Amino acid sequence: MEDKNKKDINRRDFIKIVGISAATSTGLLYGCSSKGTSSSSSATGEGEVPTDKMTYRTSPTTGDRVSLLGYGCMRWPLKPAPNGNGEVIDQDAVNGLIDYAIAHGVNYFDTSPAYVQGFSEKATGIALSRHPRDKYYIATKLSNFSPDTWSREASLKMYHKSFADLQVDYIDYMLLHGIGMGGMEALKGRYLDNGMLDFLVKEREAGRIRNLGFSYHGDIEVYDYLLSQHDEFKWDFVQIQLNYVDWKHAKETNTRNTDAEYLYGELHKRGIPSIIMEPLLGGRLSKLNDNLVARLKQRRPESSVASWAFRFAGSFPDILTVLSGMTYMEHLQDNLRTYSPLEPLTDEEKEFLEETAQLMLKYPTIPCNDCKYCMPCPYGLDIPAVLLHYNRCVNEGNVPRNGQDENYAKARRAFLVGYDRSVPKLRQASHCIGCNQCVAHCPQNIDIPKELHRIDQFVEQLKQGTL
């Protein structure tokens, strides 16, 4: 009952808690944005982008001097396919982003065979191969999620294809991808029973892998088990989800997750460097509701909302790099400002962000991180777009509980108009048949069909005025 009351707070009380006056906030509550964030939450920082002030961290195992800002290659920009069928990676845009990143001190690039529907490694390899090999570190993964890739033969094929697509003869940082998903059974099938972990250790000994680690999502038993084997495998790094919400409230955003405070602490006491993913909680910490945006802007008017989250992630001493999937130049430039150089958080600012996290959790959103692992949907749905539109409208106050809500008409219109603008009708939630194929691929363990059906029912009630 306590948790229910915590999340069912009404919007007027929320505004009072945050401390923004009704006069300031009223104009910001409506108009559910169709393509991203509201105007206030999308604001980036101000000022020049330095070329020579990047903060670097040194790996204790190899001595690598790694940029604190790492480039996550999961969300490369897309353009319409020449044949008119879908979208393809915009290679010219990727080249430009990588060139700019390197020129401004970024030297760590993280990709996977699973990213951008299988094309990220190739696009990343094309862009990076235009630069001297000693100017960048490449991280990729053995992303053998599907049981039909668990065999040694299939896993080896995936491993060698990464070298070809990336155009390299060694990998700087190789990860077992998403351990914890599927529990111990999946760990055994993907890496242990087929001998692939032993193979990767030997590849490190041969120099074709320079650093060996794993990324973690889900079952804490698997995380603890692999760390218990540190003396045998000698992990060079571990990639974890860390942000100012997940630090103490991971289970409140997803019951399967574990607080980052524990994950980081276990690595810290073993002297294993951390690599950070999801510093923005899948973008949600850059798309806060307008009241929280105003709260952060009161403290640092010149800084972006996202910069608070990046400063939080970068302020821990054993963190080697913080990954960001930067699709657009303005995102790259904003993050470069934050880490060139890093201004670590003060203790008082950490307390301020903890209060911000608690306020954010008053409004329940779906823990979608827009990773697109659920895509493509065999029935053509744009699953992330549906879930993210719903989350935006929650944050902006455009999810009315019933027809008696204050400003019901404005919120209703904002939700429905924004939905049609964000998601083509043939790709909306109404077309989900509940095949469940997407569920196993979701790192956040979302019951996707259940959420889609709930959203579709909500949309129909709004259309018919029966809410």
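Preceding block: the structure.
So, here's what we can say about the structure. Note that this is a predicted model, so its numbers are computed, not measured.

## A closer look at the side chain of R300
Then, number 1: Mapped onto the secondary structure, R300 falls in the loop between α13 (290-299) and α14 (305-314).
Then, number 2: In this structure, R300 is in contact with W308, R311, E343 and E349, ignoring residues within four places of it in sequence.

## Thoughts on the pattern of salt bridges
Then, number 1: Throughout the structure, instances matching the rule amount to 21 salt bridges.
Then, number 2: One salt bridge connects R210 with D64, and the closest N-O pair in it is separated by 2.7 Å. Of this pair, R210 sits in strand β9 (residues 209-216) while D64 sits in the loop between β1 (56-58) and β2 (65-67); the two residues are 146 residues apart in sequence, bridging distant segments of the chain.
Then, number 3: Using a relative accessible area of 27% as the deciding quantity, one classes R210 as partly exposed.
Then, number 4: The salt bridge partner of D172 is R133, with a shortest N-O separation of 2.9 Å. Within this pair, whereas D172 is found in strand β8 (residues 171-179), its partner R133 is found in the loop between α5 (120-128) and β7 (137-142), the two being separated by 39 residues in sequence.
Then, number 5: With relative accessibility at 1%, the residue D172 sits in the buried group.

## Section: the packing of helix α11 (residues 246-253) against helix α12 (residues 260-268)
Then, number 1: Between α11 and α12, the shortest axis-to-axis distance is 6 Å and the interhelical angle comes to 130°. By the angle between their directions, the pair α11 and α12 is classed as oblique. Contacts from D246, W247 and K248 of α11 reach α12 at A260, E261 and Y264.
Then, number 2: For the contact of α11 with α12, the class distribution of residues is 3 nonpolar, no polar and 3 charged.

## Observations concerning the environment of T346
Then, number 1: Structurally, T346 is set in the loop between α15 (329-338) and α16 (347-360).
Then, number 2: For the pair T346 and S315, spaced 31 residues apart in sequence, the C-alpha separation works out to 9.1 Å.

## Things to note about the packing of aromatic side chains
Then, number 1: Counted according to the given criterion, the structure contains 23 aromatic pairs.
Then, number 2: Where W308 meets F352, the ring centres are 5.3 Å apart and the plane angle is 50°; that geometry is what we call tilted. Note that W308 is positioned in helix α14 and F352 in helix α16, a separation of 44 residues in sequence.
Then, number 3: The buried category is assigned to W308, whose relative accessible area is 1%.
Then, number 4: Their ring planes at 45° and their centres at 6.2 Å tell us that F415 and Y419 sit as a pair that is tilted. With F415 and Y419 both in helix α18 (residues 408-422) and 4 residues apart, the pair spans about one turn of that helix.
Then, number 5: What makes F415 buried here is its relative accessible area of 0%.
Then, number 6: Through successive ring pairs, a cluster of aromatic residues spans F214, Y216, Y223, F233 and W235.
Then, number 7: The ring of W308 is capped by R300, whose NZ or CZ atom sits 6.0 Å from the centre of that ring.

## Brief notes about the nonpolar core
Then, number 1: Counting 95 residues, the largest nonpolar core has W76, F109, F214, L242 and Y244 as the members making the most contacts within it.
Then, number 2: With 7 residues, α14 is the largest single contributor of residues to this core.
Then, number 3: Ignoring any residue separated from it by four or fewer positions in sequence, one finds F214 in contact with L175, L176, I179, Y223, L226, L227, W235, F237, V238 and Q239.

Parameters at a glance
Residues numbered from 1 in each chain as written. Predicted model: local features only at pLDDT ≥ 70, side-chain atom pairs only at ≥ 80, totals over all residues. Heavy atoms only, no water. Helix = DSSP H or I, 4+ residues; strand = E, 2+ residues; numbered from the N terminus. Contact = heavy atoms within 4.5 Å. Salt bridge = Lys/Arg side-chain N within 4 Å of Asp/Glu carboxyl O. Buried < 20%, exposed > 50% of the residue type's maximum accessible area, 1.4 Å probe, protein only. Axes fitted to C-alpha atoms, helices over the stretch in contact; angles between N-to-C directions. Parallel < 35°, antiparallel > 145°, perpendicular 65-115°, else oblique. Nonpolar A, V, L, I, M, F, W, Y, C, P; charged D, E, K, R; others polar. Phe/Tyr/Trp six-rings, centres within 6.5 Å; stacked < 30°, edge-to-face > 60°. Lys NZ or Arg CZ within 6 Å of the ring centre and 35° of its normal. Core = buried A, V, L, I, M, F, W, Y, C linked by side-chain atoms within 4.5 Å.

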